[in-house]
Every structure is written in C-alpha cells, then in structure tokens.
Amino acid sequence: MALQRLDPLLVLVFGCWHDPEFGVDSELEIGAFEIEVLDRLGLRSAEIVAQRAQCVAQRHDHPAFATRSEEHLESEDVDHTEHPRDRLKATIAAANQAIPFEPAEHRLLEALCETLVRGAEIVLAWVALPSASGRLESAAAAGRTDCLDELVLAPHGEPSLAQGPHLLAYRSGQTYLDNDVLDSAPADPWAEPWQERARASGVAAAIALPLRSSEGVLGTLNLCAAVADLFGQDEVLLLEVTANALGLALEARRNAAVLIESQGRYRQIFEQSPLGIVHYDADGTIVDCNAVYLRVLGADREQLIGANLIHDIDDQRVVDAVRRSLTQGQGHLDIVYRSAAWNQFLPVRAVFTGVRDGSGRIVAGIGLLEDFTERREIAARLHENEQRLRLAVDAARIGIWELDLEQGTLHWDGWMRRLHGLNGDAMLTSVREWRERIVPDDRFRATRALLSAARSDQPRSARLRIVLPNDEYRYLQLHACRFRDGNGQRPRVTGVCYDVTEQHLASARIEQLALFDELTGLSNRRLLMDRLSQAIRLTQRQHSYRALLLLDLDGFKRANDTRGHAVGDRLLIAFADRLRHALRRTDTAARLGGDEFVVLCGGLSASAEDATQEAARIASKLVEMAAEPYWLSGADEVPLYCSVSIGITLFNDESCSADELMKQADIAMYESKRTGRDTWRFFETSMQRAIEQQEAKTQALRQALHEDRLVLRYLPQVDQEGQWCGYEALVRWNASGHELRRPDEFLKLAESSGLIQAIDDWVLQRACRDFADLTAHQPPSYLHLGVNVSIRQLLDTEFAERVMQTVLEAGLQPHHLRLEVTEQALFVDVEQAQAAIERLLSHGIAIVLDDFGTGSSSLLQLQRLSLQAVKIDQGLVRGIENSPTKVAIVRAAISAAKALSLAVIAEGVENEEQFQLLRAEGCSVFQGYYFAEPMPVEALSQHLSAPG
C-alpha cells in the first residue's frame with residue numbers, strides 16, 4: 001500500500017484511507033472508547049496524540065490519501081480487441097481474484113464460472129463435483145448451459161458419454177486437453193462419443209482440470225471454447241494454477257464450515273442440554289448459564305448473571321467446591337437441593353471445573369448441574385463435541401484467537417502459533433507482540449480490523465503478511481468479530497486466521513503473465529496503455545516530446561496464407577526480436593495483436609522540429625530493419641521478405657488521452673499504407689479532419705435512415721413500342737431538405753459503414769408498398785417493379801423469406817417483382833448465388849443481371865444461373881450511335897443473352913437514334929432520360945390514372 005512510510009496508527013487516528021478490501025474511503029476518529037482500547041492493547045495513545053501535528057502536515061501531500069491510484073484504474077481498462085489468448089489470460093486473472101474473497105462455496109463457483117465466460121472465446125464454464133451418490137455432476141455453470149446436459153449427462157443412459165474430459169481428469173488427477181475438437185482424435189478413445197456431442201454443440205476446444213486438495217481430487221474445472229487452439233501452454237499453466245487455487249479454497253472453506261458447524265453444535269448443546277451449565281470467571285463471578293441451570297435453581301437470569309459463587313452464596317458446600325475448582329482445578333458436590341421454583345427437593349450433582357490457559361493457569365470455570373443419573377451421558381456428549389471441535393480445527397489448519405479488550409490480552413491456540421512459524425501449544429500474548437510479527441506495511445490494516453470489529457457488530461477481515469522465523473513471508477487471511485457476555489459486558493474480539501500464501505502467489509503469477517504477449521514476449525495492450533498513460537502524466541514535469549509509433553507488417557498476411565500459421569508465428573517472433581534489439585532500454589515495444597506492433601519512445605527533444613527529426617530517424621531505422629530478409633527455417637529455405645508501414649504521432653502534454661494518441665497513430669499508419677507502404681507518415685490534423693468528415697457523413701446517413709429522409713424515385717421502362725411496362729426504384733438521400741443526393745454519392749459510404757443492409761431492406765419494403773398502392777384497383781399484368789439488391793442480401797439464407805414476407809404484407813403478386821444484382825457481385829460465388837436465385841424463383845421472383853457487359857462473366861457462368869433478363873450497362877449505351885466498337889460489343893452481348901433465352905434491357909438511352917439502334921439489335925425493354933426522368937410516386941400515379 002501507499003501507506004508504507006506512515007505510522008499506520010497515526011493514519012488510523014487522524015487520517016483517511018482507501019483499501020480495496022473495504023471498497024470505500026473512510027474517516028476513523030478516535031474517541032474515549034478507542035483510546036481506552038489502544039491503552040489496553042499496549043499501544044500508548046498518548047504517544048499517538050503527540051504525533052498529530054506531523055501526521056496532519058503530511059496528510060494532503062502524501063500519495064496514501066488518493067482515493068484510487070490511476071494505475072489501478074487503468075489496469076481495469078481492458079481492451080476487448082486484444083488477441084483471444086490475451087483476453088483469456090485477463091479473464092483467468094479476473095476469475096482468480098474471486099477465489100479468496102467469496103465466502104460461500106456456491107457463490108464462489110458461480111462467480112468463477114461467470115467471470116470465465118465474459119470473454120467471447122469461452123462459451124461454457126462449469127465445475128464438476130461428486131454428488132452424495134458419488135456421481136460427478138455440475139455444481140455451477142455459466143455460458144451455454146443449454147448444452148451442458150449433452151456434454152455431461154449421457155442421453156438414454158449411454159455409458160460411453162460418461163468418459164468425457166471431466167471424468168477422465170477426475171479419475172486420473174491430470175489435466176485433459178482437446179485443443180481441436182473439430183479435427184483431432186481424442187487422447188482417450190473412450191472420449192470419442194463425447195467429442196461427437198461437443199462438435200454438435202459448437203465446441204471447438206475443451207479442457208478439464210482436476211481440483212486438487214490435500215485429500216485428493218475434489219472435482220474438475222471445465223472450459224469449452226468456440227475457437228480451436230485457444231489453450232496454449234501458458235493458458236494451460238494459468239488454468240492449472242487457478243484450478244489448484246480453487247481446490248485449496250474449496251478445501252479451506254469446507255474445513256472452516258466444519259469448524260463453524262462444530263461451534264454451532266456446542267452452542268446448541270449448551271442451550272438445549274438437559275444439564276444446567278454455568279460459566280464463571282477467575283473470581284467466581286457468573287458470566288453465563290443456560291435455561292436448565294436457571295430452572296433447577298429457580299432463579300431469574302438477571303439475578304444470577306454477575307452474582308459471585310463464592311461471596312453471594314450461603315451454602316458453604318457450594319463455596320468450597322467452587323474454590324477448589326479455581327485453586328485445584330476441580331470441585332465436586334453431591335447434595336439434595338431445594339428448588340425455590342418447584343418447592344421441592346432435588347438430588348443434584350454439581351461438578352465445578354477450572355479452565356486453564358496455555359500456561360496451565362486457571363482463568364475461569366465451568367459448572368455442570370445435573371441429575372446424577374444422566375450425568376455420564378451428558379459428559380460423554382460434551383467430550384465428544386470437544387474432540388470433534390478439536391479435530392475440525394486441526395483438519396482445517398485454522399488458527400483461533402481471542403482478544404480480551406478489558407485485559408488487553410490475546411489468546412492463541414496451537415494452530416495460530418504454527419501459522420506464525422512457532423512451536424508449542426496455545427499461549428497468551430499481546431497485540432503489541434503480534435504487531436511485531438506483521439510486516440510494517442500491513443500493521444495498520446491489522447490494527448484497523450481489530451478496532452473496527454471492537455466498535456461494530458459487523459465482522460471485519462484483512463489480509464496480512466507475517467515474517468516467519470526464517471525471514472520468509474506468509475500471507476494470512478484474518479477474520480474478526482466482537483462478542484460480549486450475557487449482560488453485554490466484558491467485550492472481546494475473537495476470530496480465525498488461515499494461510500492464503502499459495503492463493504496470493506498464484507494471483508500474482510497470473511497477473512504477471514497477463515501483461516505480456518505470449519507469442520513474442522513483448523508488452524501486450526494492457527501494459528502498453530498503462531505505460532502510455534504514465535508517459536502522458538510525466539509530461540507535466542518533463543517537457544520533452546515523446547513519440548508513439550504504430551507498425552503494421554505489410555506482407556504478413558501473404559506469408560501467413562502461403563507458408564502456414566507456424567511460419568507466420570515465427571515471422572512475428574523474428575520481427576519482435578529485431579524490434580527489441582533496435583530500441584533503447586527506455587523505449588517500450590508492444591504487440592497489439594495480429595501483425596500490429598507499437599513503439600513508445602521517450603526522452604526526445606523539447607523542440608518540436610528536433611523531436612520530429614529524431615522520430616523520423618527511429619522510423620526509418622525500423623523500416624530498414626523490417627525490410628531485411630527473414631531466414632526462418634535454415635539456410636536452404638527461400639527467405640521471407642516483409643515491409644512495414646508506420647504511423648507516428650508526437651505529444652508533450654496531456655491534451656490527448658492514450659486512446660486518442662493511439663487513434664492518431666492508427667490514422668497516420670493507414671495513410672502510409674495508402675501512399676505505397678514500406679514507409680512512415682506523421683499524423684496531421686488534416687487526416688483527422690478527413691476521418692471526422694467521413695464519420696459525420698456516416699452519422700448523417702444513419703440519422704437520415706432513422707428519420708425516414710431517404711426517398712424513392714422511379715425510372716420508367718418502356719417496351720419496343722414505347723409503352724410503359726415497368727419501372728426501376730432508385731433511392732435518393734434528402735440531405736438538406738431540397739437537394740437529393742444520387743446513390744453514387746452515398747452508397748459506398750453505406751457499404752463501408754455497414755448501413756447498406758438496412759438501406760436495401762428499406763428500399764425493398766417502400767418500393768413494394770408504393771407499387772401495391774399504385775396498382776391496387778387494376779394491376780396491369782405486364783407491369784413489373786425493378787429493385788436493386790446487394791450481393792450481401794442475395795446470399796443471406798433468410799433473404800428469400802424476408803422478400804416474400806415483404807411482398808405479402810404489401811399485397812403484391814411475386815411475379816411483378818424483379819431483383820437486380822450487378823454482374824461483378826453476382827459472380828463472386830456462383831454456387832451460393834445460384835442457390836439464392838433458386839430460392840427466389842421458387843416463390844416466383846425473377847432475377848435480372850445488372851451492368852451486363854462490364855464484367856468478366858462467361859457464357860458458362862451465365863448458363864449456370866437461372867436468370868430472366870440482363871441489363872446492358874449504360875456505359876456501353878452512351879455514345880453507341882457514334883462508336884462501331886460499342887455497337888459490336890452490345891451486339892455480342894445481346895447475342896449471348898438470346899442464346900441463353902434471356903431478355904435484354906438497355907439502360908441509359910438518351911435519344912431516338914440510340915433507341916432505334918438498340919431496338920434493331922434486339923433489345924426488348926428500354927430505360928433512360930429519353931423516355932422519362934426518375935419521378936416521385938405521385939407522378940407515376942398520375943400517369944397510370946391518365947386515360948389512354
């Protein structure tokens with residue numbers, strides 16, 4: 001903690017603190033009660049008060065009083081664009097944090113499973129524990145729990161499915177890993193039926209890890225992933241560490257539960273015992289008794305609690321027996337007692353026993369009052385309970401302690417001494433002696449837990465480091481709670497303590513591994529962003545420039561595709577090694593994921609011009625370094641060549657955040673790629689403006705779609721006689737309220753921003769409704785509606801059903817609708833395109849090939865597609881009357897279409913000469929400004945309703 005240079009008690013008295021274990025900032029002021037407690041604990045309050053001035057002077061400037069460190073905040077800012085294995089490591093680190101702090105077993109298991117499935121890679125996480133019948137069953141699960149039964153339980157009682165990874169790991173006590181469920185054969189042939197079920201459930205990789213304890217294997221931790229090869233060597237190591245920590249945590253909680261159960265049984269025996277039981281202190285003063293004792297004596301509780309068995313009792317036989325118990329250890333009494341409550345004589349036997357501490361000194365006593373015919377049975381039950389309690393404590397390895405706030409003494413049992421590296425039985429000590437064994441930085445935390453427990457009925461906990469006699473550290477988890485006697489007096493704090501060293505070290509190890517890239521060993525995104533944020537903060541004191549360089553390997557994808565992923569990985573490792581050796585020790589090199597790397601350079605000049613030159617020299621050096629050949633498998637192999645594109649941004653103040661700097665470097669890097677690759681570019685504000693303008697246009701288009709500011713214009717189509725036979729729906733963007741933008745001005749933007757799907761669906765729905773409204777009374781059978789669709793829509797397996805739903809909702813006959821797809825898009829995947837066309841044809845919807853003649857389609861490809869018509873591109877029609885070449889091309893295209901029995905549509909007809917020429921060549925349908933310009937639906941309605 002940041003409090004390491006402050007006396008923890010000074011901060012406790014005068015300051016405020018922040019501790020992640022309590023989760024809030026607190027102000028703890030010391031009053032008369034706390035001063036009294038400190039004095040009784042041997043912590044001199046007068047000296048503490050005398051140091052007030054020094055503490056107050058340090059308070060506001062000391063880093064301890066920050067509500068939360070920026071480093072801690074930034075460490076929680078996880079970027080979900082990390083490499084899947086990076087995200088898995090961070091997920092494992094987060095899951096491991098829940099192990100020491102969740103008190104209930106079921107909540108611990110549920111929290112662990114829910115944390116492990118937060119990343120997109122883990123689709124199912126579950127913990128298997130044996131049931132009462134011995135069968136391994138799911139105790140907690142998260143993710144795709146709908147397929148849990150398929151992967152765990154054998155349907156119809158098939159015994160072979162019981163040989164899944166969870167049972168194999170449980171029986172063998174070893175980790176079972178299947179990193180490629182789809183392609184690999186199972187390590188155990190008995191697991192093959194399980195593997196078939198896993199494939200059917202979409203599982204690509206699975207791992208089962210045994211939960212080990214000192215008694216053996218408790219169960220298994222099981223993960224299923226949607227991607228293959230997710231669990232690398234480091235991930236398996238981290239998961240094994242987590243599984244071991246979980247096993248130890250389960251064992252500790254179960255042992256602690258045994259102890260709590262035993263203590264509860266003792267209290268139950270005390271309250272429900274047929275014996276009268278009385279507790280008294282070393283002076284003979286009664287501190288507690290049960291209802292049976294009160295009934296036998298015929299007294300009220302208020303009369304007995306606080307009474308003295310030596311001074312307030314008239315019967316000398318009782319006084320002598322109590323004195324013998326406090327001096328000799330035991331006193332017996334067999335008398336006939338007259339009960340005032342029942343007004344009768346009762347034969348009773350009383351046994352008074354002294355209670356000794358670790359040194360053998362009698363510090364209290366307990367008396368049993370019984371009908372001696374039942375005494376032996378009750379004594380046996382008490383002895384059994386004591387033995388059970390002792391066995392539970394020994395099995396759980398939990399130390400029990402009790403602090404008397406009035407006497408200032410601290411009682412330890414044997415396990416407390418063992419946890420502190422000491423031999424021997426239970427002992428009395430003091431808080432001061434205990435604090436001497438605690439690491440100085442943690443003493444404040446321990447003292448605060450004791451005082452907070454003393455002044456509150458709420459339990460408190462703290463994690464402490466103690467120094468063992470061999471100078472090693474041990475991490476202990478401390479729990480404290482306040483208790484009082486029957487009258488609410490004699491307050492004391494009692495609690496337990498247990499060893500969490502292995503869990504703490506496992507968490508620290510996972511945290512360390514989560515900060516570095518597993519493949520290259522460079523810093524990962526998480527560590528990079530932390531160091532970048534630190535560099536930004538340092539600009540307040542150091543006014544020199546710093547440079548952030550974003551590197552992208554230009555030829556990596558080609559090498560990865562042609563040589564394989566193994567060679568691609570070796571290329572990344574080789575480049576990372578070169579990068580590491582090319583930089584200064586003060587620079588940071590990191591891998592973001594894939595083939596993207598980042599370099600953070602500090603200590604540049606305070607002059608912007610000089611810093612720019614220095615950064616340019618560094619970038620040039622990296623470009624030259626990357627261009628050298630890569631010999632990855634030996635001298636006999638052809639070397640790989642790979643260039644790098646670099647984007648650079650400089651900063652010397654806090655005007656930009658870490659994310660903004662990363663964005664600037666990314667923009668500059670893509671500019672270097674756009675200008676030829678194998679080079680570097682500095683970020684300029686003009687680049688940012690271009691990106692912002694693009695984003696603004698995207699937002700405006702998205703808003704226009706949301707506000708229904710897209711409109712349709714319809715371009716009529718005519719037959720060879722010049723009569724209207726249909727029209728094509730054309731979308732326009734009403735951007736300013738008056739100006740309508742044509743599709744070529746915004747459709748590329750829609751495609752790049754992902755809005756094209758929504759726009760295409762809107763056009764189809766609106767056009768069908770308009771056509772249905774226009775032809776509601778007398779729909780001409782010859783009239784058709786043409787709507788352009790993208791290849792993305794066409795290849796969607798649900799597109800045909802959506803089209804039919806739109807057609808039926810509009811009240812349109814399917815044969816009136818023609819969907820137009822461009823030639824270039826249609827032949828991206830002919831097989832899928834034909835399947836999509838067949839689905840549409842089955843509903844009576846025709847497909848027209850748009851822009852025919854501009855692509856590279858062949859007659860064979862056209863023959864494979866069930867098209868109804870082709871549309872000659874307007875680029876071939878424009879100026880055709882003056883170009884014999886275009887005439888020849890169009891004639892060939894028409895001949896090819898007729899050979900395939902396809903109708904031919906000519907678009908872009910602008911004059912009578914073009915119309916006559918194309919009609920003579922065999923075109924059957926025409927469209928263009930010669931016949932009519934695109935018009936709103938109202939104009940179409942007027943034309944259709946006009947006579948003749």
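Our structure is the block above this text.
The rules we used
Residues numbered from 1 in each chain as written. Predicted model: local features only at pLDDT ≥ 70, side-chain atom pairs only at ≥ 80, totals over all residues. Heavy atoms only, no water. Helix = DSSP H or I, 4+ residues; strand = E, 2+ residues; numbered from the N terminus. Contact = heavy atoms within 4.5 Å. Pairing = 2+ DSSP bridges. Axes fitted to C-alpha atoms, helices over the stretch in contact; angles between N-to-C directions. Buried < 20%, exposed > 50% of the residue type's maximum accessible area, 1.4 Å probe, protein only. Polar contact = N/O pair within 3.5 Å; in protein donor to acceptor, adjacent residues only side chain to side chain. Expected span 1.5 Å × (residues − 1). Core = buried A, V, L, I, M, F, W, Y, C linked by side-chain atoms within 4.5 Å. Phe/Tyr/Trp six-rings, centres within 6.5 Å; stacked < 30°, edge-to-face > 60°.

Trainee: Would you explain the environment of A350 in this entry?
Mentor: Along the chain, the position of A350 falls in strand 11 (residues 344-356). As for A350 and G367, which are separated by 17 residues in sequence, their C-alpha atoms are 6.7 Å apart. Those residues in contact with A350, other than ones at most four positions away along the chain, are G331, H332, L333, L368 and L369.

Trainee: How do you make sense of the sheet that holds strand 21 (residues 596-601) when you look at a structure like this?
Mentor: Sheet strands line up and pair through hydrogen bonds in the backbone, either parallel or antiparallel. Reading across from one edge, 20-21-19-22-23 is the order of the five strands in this open sheet, with mixed pairing throughout. Every other strand in the sheet has two partners, leaving strand 20 (588-593) and strand 23 (680-682) as the edge strands with one partner each. Going across the sheet, the axis of each strand differs from the next one's by a mean of 20 degrees, ignoring polarity. Where strand 20 meets strand 21, five bridges bridge the pair, whose relative direction is antiparallel. Directly across from R591, in strand 21, lies its bridge partner F597. Packed onto the sheet, helix 24 (residues 658-674) meets strand 19 (546-553), strand 20, strand 21, strand 22 (644-651) and strand 23 and runs at close to 140 degrees relative to strand 22.

Trainee: Honestly, the side chain of Q834 in this entry has me stumped. Any pointers?
Mentor: Inspection of the secondary structure puts Q834 in helix 31 (residues 830-841). Given the relative accessible area of 15%, Q834 is considered buried. In terms of polar contacts, Q834 uses its side chain to reach the side chain of S866, at 3.0 Å. Not counting the four nearest positions on each side in its chain, Q834 is found in contact with R864, L865 and S866.

Trainee: What's the story with the sheet that holds strand 4 (residues 136-143) in this structure? I'm lost.
Mentor: Ordered in space as 4-3-7-6-5, the five strands form an open sheet in which the pairing is antiparallel. Bordering the open sheet on either side are strand 4 and strand 5 (176-178), each of which pairs with just one other strand. With strand direction ignored, the average angle separating the axes of adjacent strands in the sheet is 20 degrees. As defined by bridge partners, strand 5 adjoins strand 6 (residues 205-213) across three bridges and the pair is classed as antiparallel. Among the inter-strand pairings, D178 is bridged to a residue of strand 6, identified as A206.

Trainee: Is there a simple way to explain the environment of A321 in this structure?
Mentor: Along the polypeptide, A321 turns up in helix 14 (residues 316-327). By relative accessible area, which is 0% here, A321 ends up buried. Sequence separation between A321 and L333 is twelve residues; the distance between their C-alpha atoms is 6.5 Å. With residues near it in sequence (within four places) discarded, A321 still touches G331, H332, L333 and F352.

Trainee: Explain the pairing of strand 31 (residues 903-907) to me, please; I cannot follow it from the model alone.
Mentor: As a general feature of sheets, a regular strand has side chains that alternate between the two faces. Of all five residues that make up strand 31, four are buried, and the element is covered over most of its length. Across four bridges, the pairing between strand 30 (residues 869-872) and strand 31 is parallel. By the bridge assignment, A869 is partnered in strand 31 with A903. When strand 31 meets strand 32 (residues 925-927), the two strands line up parallel, connected through three bridges.

Trainee: Just to check I follow, could you spell out the pairing of strand 6 for this structure?
Mentor: Here strand 6 lies mainly inside the structure; eight of its nine residues are buried. Pairing between strand 6 and strand 7 (residues 216-225): nine bridges, direction antiparallel. Bridging across to strand 7, I207 finds its partner in L223.

Trainee: Any chance you could explain unusual backbone geometry here in plain terms?
Mentor: Glycine aside, the phi torsion of most residues is negative, and most peptide linkages are trans. With a phi angle near 55 degrees, D229 is a residue other than glycine that sits in the positive phi range. Assignment of secondary structure puts D229 in the loop between strand 7 and helix 11 (233-272). The backbone of D851 sits at a positive phi, close to 55 degrees, despite the residue not being glycine. Structurally, D851 can be placed in strand 29 (residues 846-852). Assessed through its relative accessible area of 21%, D851 is described here as partly exposed.

Trainee: Any chance you could explain helix 7 (residues 105-116) here in plain terms?
Mentor: Along an α-helix, a turn takes 3.6 residues, which lines up residues three or four apart on a common side. The terminal C-alpha atoms of helix 7 lie 17 Å apart, and with twelve residues this matches the ideal 16 Å at 1.5 Å per residue to within 8%. Against helix 6 (84-97), strand 3 (122-130), strand 4, strand 7 and helix 11 lie the buried residues of helix 7.

Trainee: How should I be thinking about the nonpolar core in this particular structure?
Mentor: Side chains of a nonpolar character, in soluble globular proteins, are inclined to be buried together. L819 and L826 are the most contacted members of the largest nonpolar core, which has 75 residues in total. In terms of residue count, helix 27 (residues 756-774) provides more of this core than any other element does, ten residues in total. Not counting the four nearest positions on each side in its chain, L826 is found in contact with I791, L794, V821, A833, I837, L849, L865 and L867.

Trainee: So what exactly am I meant to see when it comes to the packing of aromatic side chains here?
Mentor: When we look at a pair of aromatic rings, we describe it by the centre distance and by the angle of the planes. Inspection of every chain in the model, using the stated rule, returns twelve aromatic pairs. Centre to centre, the rings of W412 and W434 are 6.0 Å apart; their planes meet at 85 degrees, and the pair counts as edge-to-face. Of this pair, W412 sits in strand 14 (residues 409-412) while W434 sits in helix 17 (residues 431-437), and the two are 22 residues apart along the sequence. You can call W412 buried: its relative accessible area is 2%. Here the aromatic rings of F915 and Y930 are separated by 6.4 Å at their centres, their planes lie at 35 degrees, and the arrangement is tilted. Of this pair, F915 sits in helix 35 (residues 912-921) while Y930 sits in the loop between strand 32 and helix 36 (937-945), and the two are 15 residues apart along the sequence.

Trainee: Just checking my understanding: could you explain the environment of S605 for this structure?
Mentor: Here S605 is to be found in the loop between strand 21 and helix 23 (608-627). Classification of S605 as buried rests on a relative accessible area of 18%. In this structure the C-alpha to C-alpha distance between S605 and N652, which are 47 residues apart in sequence, comes to 10.0 Å. Aside from chain neighbours lying at most four places away, what touches S605 is S544, Y545, D610, A611 and E614.

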